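As a plain string of letters, each chain reads:
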Amino acid sequence: MFRRLVSGELFILQWKHSQSSTCLRLLSCNSVIGPDRGQDLSREERTVPTERVPSRPEKQKRVCKVILDRFDQQYGQELGPLWPSARAVLLNPGCWQYGVMLNRFAAVSEVKQRLQGQGFVSLLPHTDLPLNSSLPQPHPASPTQPSSIPHPTSPTQPSFIPHPGPPPPSLQCFIHPSPVRYPSPPHRQGQLKPYYLMNAASLLPVLALGVEEGDRVLDLCSAPGGKALAILQTANPALLCCNEMDPHRRDWLAKTLESFIPQSLSSTVTVSNQDGRIFGQSEAGMYDKVLLDAPCSNDRSWLFSGPGGEQHGAVRLRERARLPTLQTQLLRSALAALRPGGVAVYSTCTLSRSENQEVVEAVLNTCPGVELQDLEEELALPLQEHFTFTPLGHTPSLGLLVVPQQGQTWGPMFLSRIKRIH
């Protein structure tokens, strides 16, 4: 179970596992009222076959012409020569690559061996350590008692708990040079899922956040939970507050956490439903690290027509014009929630300058006591083998922008890190 904070009260989420089939649906569609998570798997990608499937032609999807025309006009100017190749990738889901993030709270040795045997390689070689391979594994919980694993502070510990705390932090993500789809993890009663499928660029904001042992961490727009899971792979925070205002997405977030995180973390991981724009006022100065993966115009999914076709695309473009205001409000709130010396990471899954650099610049110009931090040497240089980072034409750089290219189809992803000085 995990705690949920709703309207200032504490509720308990019962520990349940879905009885669904072996296809996992983990990602969202975007809306202006809730954060988009197109950097995990988008709506079109959610259902993944239960067998390893090599690259193959995708079922033809209908491109939304009104969205494509706007992207051509805007990104042709903002990205210049990078846009035609990025455009080709975004319009061809069959070439998209996938990352497999291992879950340190589950048995993953066999999964890791299978991945390596199929040509997957570690995205982060320096964290490519044996994960759980030298640790004894707990026996599966009884099918009739899926909630029987106690909090580690319980006065008595069942004999099948091999160690009082979680395995050592080790963020591991495996990627393939080709657009190979790995099967989504099947549901097994009483067992945590061993890996999470995602766009590998989603890990960049988490790496930039740099969570350390004992940090108090806020994931301001958390659903569906992929980045929260990644945070918990990197360190053991004292608190991870996963905030999501939209009730349907909040339920989705809770189910994700329950599927991947042991009950022993129920006192560490909370789920709240505050309006992210005012969160920083209600909990000012309470956090060491804040991740704002903001609602945005998800370039990957928006290019393809929804149920309303071109009319739906026109509605989305009107929503898009209002997003920078919302994003600016959320970023100010994120900075207000930081203690002095804490850092916030702002990220989106769009190439749009108005939702990326211009939001960061507006906040820097209006929020005293904060400073931009450079991510070039820390992230861009070490990971340029896997990601295409484009110069943003601003000194100092307002952040990093990952542009999808053939063979490096990760992204879009923008990220920027800001430190609160006082």
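All figures in this text were calculated on a predicted structure; none of them were measured in a lab.

Caption draft 1: Quick peek at the side chain of K289. Here K289 shows up in strand β10 (residues 287-293). In terms of polar contacts, K289 uses its side chain to reach the side chain of D215, at 2.8 Å. Excluding anything up to four places from it in sequence, K289 contacts L209, G210, V211, E212, D215, R216, V217, L218, L338 and V343.

Caption draft 2: Structural view of the pattern of salt bridges. Within this structure, the stated rule accounts for nine salt bridges. The partner of D72 in a salt bridge is R87, and the shortest N-O contact between them spans 2.8 Å. Of this pair, D72 sits in helix α1 (residues 65-79) while R87 sits in helix α2 (residues 82-90), placing them 15 residues apart in sequence.

Caption draft 3: Summary view of the environment of L364. With respect to the element layout, L364 can be found in helix α10 (residues 357-366). For the pair formed by L364 and L398, sequence separation is 34 residues and the distance between their alpha carbons is 9.8 Å.

Caption draft 4: A look at the sheet that holds strand β4 (residues 121-122). Read across the sheet, four strands follow the order β4-β5-β3-β6 without closing on themselves; strand pairing throughout is antiparallel. Two strands bound the open sheet, and with one partner strand each, they are β4 and β6 (195-198). When strand β3 (residues 99-102) meets β6, the two strands line up antiparallel, connected through four bridges. If you follow G99 over to β6, its bridge partner there is M198.

Caption draft 5: Just helix α6 (residues 247-260), in detail. Across its 14 residues, α6 extends 20 Å between first and last C-alpha, which sits within 8% of the 20 Å expected from 1.5 Å per residue. Counting buried residues along α6, ten of its 14 residues qualify, which places the element largely inside the surrounding structure. When we look at burial in α6, the residues that qualify are R249, R250, W252, L253, A254, T256, L257, E258, S259 and F260. In this structure D246 caps α6, since a side-chain oxygen of it lies 3.2 Å from the backbone nitrogen of H248.

Reading guide: rules and limits
- Residues numbered from 1 in each chain as written.
- Predicted model: local features only at pLDDT ≥ 70, side-chain atom pairs only at ≥ 80, totals over all residues.
- Heavy atoms only, no water.
- Helix = DSSP H or I, 4+ residues; strand = E, 2+ residues; numbered from the N terminus.
- Polar contact = N/O pair within 3.5 Å; in protein donor to acceptor, adjacent residues only side chain to side chain.
- Contact = heavy atoms within 4.5 Å.
- Salt bridge = Lys/Arg side-chain N within 4 Å of Asp/Glu carboxyl O.
- Pairing = 2+ DSSP bridges.
- Expected span 1.5 Å × (residues − 1).
- Buried < 20%, exposed > 50% of the residue type's maximum accessible area, 1.4 Å probe, protein only.

Keep in mind that these numbers describe shape and distance, not what the molecule does.
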